[in-house]
Amino acid sequence: MKTIGKLAKELDVNVETIRFYERKGLIVQPLKPDSGYRMYDETHVSQLKFILKAKALGFTLDEVASLMSMSGNCSDVESMGLQKLKLIREKIADLQRLEHVIQDMTNSCKANQDPNSCPIINSLN
């Protein structure tokens, strides 16, 4: 059992992050005893680690909540994972297109002979 401060330190998150997850209903806030601090147990630690890992993989908090409720339904989890993978691949393709455009723009700067004109600035105007 640990206080919210010790839990936050252990997981390298802000106390307010834990409180936010409580407000969102992702974890249950422990009852506060008449005197003292709320104490968080290993269930809270496991839930928070799950949330943090899922967020690191790019899942939104709504998706994390769905994942937490699907614990035994692998086909639904797989479907959600495939949807996330599709979005990631679309973002990668968009970033690759952006990379090519910016590479072309910077190449035009290298070839530019006019010190008073910048091809990148000109293309943005």
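Residues numbered from 1 in each chain as written. Predicted model: local features only at pLDDT ≥ 70, side-chain atom pairs only at ≥ 80, totals over all residues. Heavy atoms only, no water.

### Observations regarding helix H4 (residues 61-69)
The following threshold applies: Only protein chains enter the calculation, and the probe is 1.4 Å; a residue is then buried if its accessible area is under 20% of its type maximum, exposed if over 50%, and partly exposed in between. Here a helix means four or more residues in a row that DSSP labels H or I, a strand means two or more in a row labelled E, and each is numbered from the N terminus. Arc definition: it is the arc formed by the directions from the helix axis to the C-beta atoms. Every residue pair with non-hydrogen atoms within 4.5 Å of one another is taken to be in contact.
Buried residues of H4: Leu61, Val64 and Leu67, and no others. Angular distribution of buried residues about the axis of H4 spans 110°; they occupy a single face of the element. H4 presents Asp62 and Ser69 as exposed residues on the side facing more than 90 degrees away from its buried surface. The inward-facing, buried residues of H4 abut helix H2 (15-23), helix H3 (42-56) and helix H5 (74-111).

### Focus on the side chain of Glu22
Where we set the bar: Counted as positive: Lys and Arg. Counted as negative: Asp and Glu, with His and the chain ends omitted from the count. The salt bridge definition used is simple: a Lys or Arg side-chain nitrogen within 4 Å of an Asp or Glu carboxyl oxygen.
Here Glu22 lies in helix H2. Of the side chains with opposite charge, Arg19 comes closest to the buried, unpaired Glu22, at an N-O distance of 5.4 Å. If sequence neighbours within four positions are ignored, Glu22 has contacts with Ile27, Gln29, Pro30 and Tyr40.

### Considerations on the nonpolar core
Definition in use: The definition of a nonpolar core used throughout is a set of buried Ala, Val, Leu, Ile, Met, Phe, Trp, Tyr and Cys residues joined through side-chain atoms within 4.5 Å.
Among the nonpolar cores identified, the biggest contains 19 residues, and Leu7, Ile18, Tyr21, Leu48 and Ile51 are the most heavily contacted of them. Breaking this core down by element, the ones donating at least two residues are helix H1 (4-11), H2, H3 and H4. The residues contacting Ile18, other than those within four sequence positions of it, are Ile4, Leu7, Ala8, Val13, Ile27, Tyr40 and Leu48.

### Focus on the pattern of salt bridges
Going through the model one piece at a time under the given rule, you end up with six salt bridges. A salt bridge links Glu90 to Lys86; the shortest N-O distance between them is 3.2 Å. Pair noted here: Glu90 and Lys86 are both in helix H5, with a separation of four residues, about one helical turn. Taking relative accessible area as the criterion, Glu90 reaches 35% and is therefore assigned partly exposed. On the basis of relative accessible area, Lys86 is assigned to the exposed category, the value being 55%. The structure contains a network of salt bridges with shared partners spanning Lys2, Glu10 and Glu42.

Function-wise, these values are silent; they only describe arrangement.
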